[in-house]
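As a plain string of letters, each chain reads:
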Amino acid sequence: MYRLIKNIYILSFITIIIFISSWYMQHYLTNRQMVENAQQMATMSVDSLSKDLSLHLTAQAMVIESAATAIAQDVWDEEEVLTFLSTLLDKYDGFNSIYYGTGDNIMINASGWKPPSDFDLRNRPWYTKAAIEKDVVFTEAFLNASKDLLVFTIACPVYNDSGELTGVVGGDMSIRKIDSLINNRSHETEGFSFLIDSRNNILSHPEITYNPHKHLINIFDYYN
């Protein structure tokens, strides 16, 4: 009788162990699947945001490149170029300004901004970079000439029939707009996204308030 009771206890204990082990394995595998699903969703969200941002910037770059191609035909006077650029600025609200800077230091700006007398557009980062690379370029972020917005510029050089550089078409995009785009998409997930430039400076981050008059923060300084 004692042996029978002992065997029952042993069998019950083994049954409990098997039940607990099964429950633990099921719980572990379920949690693991949930974690993997969350990681997959986060990766898909980041990939989607990256793709959307890339498509957005590519579309804006095509606008600037098309403008440069049109101006290169050399069939317009300054007033007609201004009208053309103004039409583009009205149509594509991603830009804060679209302009054409000539090799003679003449600025035709659809935003209406007039440069001061000592302003040399040929020394601006968008002009020098486009002239050197001879292609559509994206500048690093910088304070615009009117000193009221932190921007980056999409720029494209313009050449005449002889292959000589006659000027550069540029379009300023506010970091504030990119910041808004990224933060709006970040709210769709439980995490957050941020944007840095090629120098690892933070352009958009949900924990950093946009301020065009402050120096950019390097991502490594921020997290150290």
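Look above for the structure.
Residues numbered from 1 in each chain as written. Predicted model: local features only at pLDDT ≥ 70, side-chain atom pairs only at ≥ 80, totals over all residues. Heavy atoms only, no water.

Caption draft 1: View of the overall build of the chain. The helix and strand tally for the chain stands at 5 helices and 8 strands. Along the chain direction, N to C, the helices and strands of the chain fall in the order α-α-β-β-α-β-β-β-β-α-β-β-α. Here the chain holds 224 residues, and the buried ones make up 33% of them. In the chain, 46% of the contacts between residues at least 6 apart in sequence involve partners at least 24 apart. Of the roughly 14,600 Å² of accessible surface on the chain, 56% is carried by carbon and sulfur atoms. (Helix = DSSP H or I, 4+ residues; strand = E, 2+ residues; numbered from the N terminus. Buried < 20%, exposed > 50% of the residue type's maximum accessible area, 1.4 Å probe, protein only. Contact = heavy atoms within 4.5 Å. Areas by Shrake-Rupley, 256 points an atom, 1.4 Å probe, with all protein chains shown as cover.)

Caption draft 2: Structural detail: the pattern of salt bridges. Per the stated rule, a full pass over the model turns up 1 salt bridge. A salt bridge links Asp-120 to Arg-122; the nearest nitrogen and oxygen atoms lie 2.9 Å apart. Note on Arg-122: relative accessible area 34%, which makes it partly exposed. (Salt bridge = Lys/Arg side-chain N within 4 Å of Asp/Glu carboxyl O.)

Caption draft 3: Highlighting helix H3 (residues 125-133). Looking only at H3, the buried set comprises Trp-126, Tyr-127 and Ala-130. Projected down its long axis, H3 shows its buried positions confined to an angular sector of 100°, all on one face. In this fold, the buried residues of H3 make contact with strand S1 (97-102), strand S2 (107-109), strand S3 (137-138), strand S4 (142-143), strand S5 (150-159) and strand S6 (165-174). At the C-terminal side of H3, Lys-134 shows a positive phi close to 55°. (Arc of directions from axis to C-beta.)

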